[in-house]
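Topology and contacts: notes
So you can see what is in the structure, the chains are spelled out below.
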Amino acid sequence: MIRRTLSASLLAALFMATPALAEEATIGRPIEAGSLHNGRLDMVVYYVPTDGGLLEVTATFAPKGEGDPQRVVMGLADRDSVAFSMPGYRGLLYAFSRSGEKVTVSTEADKHPRSNALPD
């Protein structure tokens, strides 16, 4: 009985001490979707190839509570990368990068406060 209680307590302490990890999804084919569910927004992303060698990446962000979805569409050339936070949802960066036919999307806490940033 004491061993089970100790094991359960140790396991709970490990989960509480573990920092929140960033999420990542890699998309390797056109129209194949990936999703991230970190923070206050859920996101679904996919791409389609366009003329000129770009991949047109579409990301739709939906609030977990009330609110309207927001959509971002961008063209990525090979080895392009971009990171941004969504308006009204500071504190979480969404990073998109392309390598060949693969697009990787990740989230992480924004650790770089901006002096000109407006409050939420």
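None of the values given here were measured: they were computed from a predicted structure.

Helix and strand content of the protein: 1 helix and 8 strands. In the protein, the succession of helices and strands from N to C terminus is α-β-β-β-β-β-β-β-β. Looking at the protein residue by residue over its 120 residues, the buried ones come to 25%. Looking at the protein alone, contacts between residues at least 24 apart form 30% of all its contacts between residues at least 6 apart.

Spatial ordering of the open sheet is given by β1-β8-β7-β6, a layout of 4 strands whose pairing is antiparallel. In this open sheet, the two strands that pair with only one neighbour each are β1 (24-27) and β6 (81-84). Within the sheet, the average angular offset between the axes of one strand and its neighbour, ignoring direction, is 15°. Of the strand pairs in this sheet, strand β7 (residues 92-99) and strand β8 (residues 102-109) are connected by 8 bridges, and their pairing is antiparallel. When the sheet's bridge partners are listed, L92 is paired in β8 with A109.

Before going further, it helps to spend a moment on the side chain of T107. Relative to the elements of secondary structure, T107 occurs in strand β8. A polar side-chain atom of T107 sits 3.0 Å from a polar atom in the side chain of N38. The contacts of T107, once residues within four sequence positions are left out, are A22, E23, L36, N38, L92, L93 and Y94.

The next subject is the packing of aromatic side chains. The tally for this structure, following the rule as stated, stands at 3 aromatic pairs. Ring geometry for F61 and F84: centres 6.5 Å apart, planes at 70°, overall edge-to-face. Here F84 lies in strand β6 and F61 lies in strand β4 (residues 55-63), a separation of 23 residues in the sequence. The two residues F61 and F84 agree in class, both being buried. Where F61 meets Y94, the ring centres are 4.8 Å apart and the plane angle is 75°; that geometry is what we call edge-to-face. With F61 in strand β4 and Y94 in strand β7, the pair connects residues that are 33 residues apart, well separated along the chain. Pair check on accessibility: F61 and Y94 agree, each one buried. Aromatic rings pair up to connect F61, F84, Y94 and F96 into one cluster.

Inspection of the entire model under this criterion finds 3 salt bridges. The salt bridge partner of R29 is E32, with a shortest N-O separation of 3.1 Å. Across the salt bridge formed by K64 and D42, the nearest N and O atoms sit 3.7 Å from each other. In this pair, K64 is assigned in the loop between β4 and β5 (70-76) and D42 in strand β3 (residues 41-49), connecting sequence segments 22 residues apart.

Our next topic: the environment of V103. Within the fold, V103 resides in strand β8. Assessed through its relative accessible area of 1%, V103 is described here as buried.

The rules behind each value
- Residues numbered from 1 in each chain as written.
- Predicted model: local features only at pLDDT ≥ 70, side-chain atom pairs only at ≥ 80, totals over all residues.
- Heavy atoms only, no water.
- Helix = DSSP H or I, 4+ residues; strand = E, 2+ residues; numbered from the N terminus.
- Buried < 20%, exposed > 50% of the residue type's maximum accessible area, 1.4 Å probe, protein only.
- Contact = heavy atoms within 4.5 Å.
- Pairing = 2+ DSSP bridges.
- Axes fitted to C-alpha atoms, helices over the stretch in contact; angles between N-to-C directions.
- Polar contact = N/O pair within 3.5 Å; in protein donor to acceptor, adjacent residues only side chain to side chain.
- Phe/Tyr/Trp six-rings, centres within 6.5 Å; stacked < 30°, edge-to-face > 60°.
- Salt bridge = Lys/Arg side-chain N within 4 Å of Asp/Glu carboxyl O.

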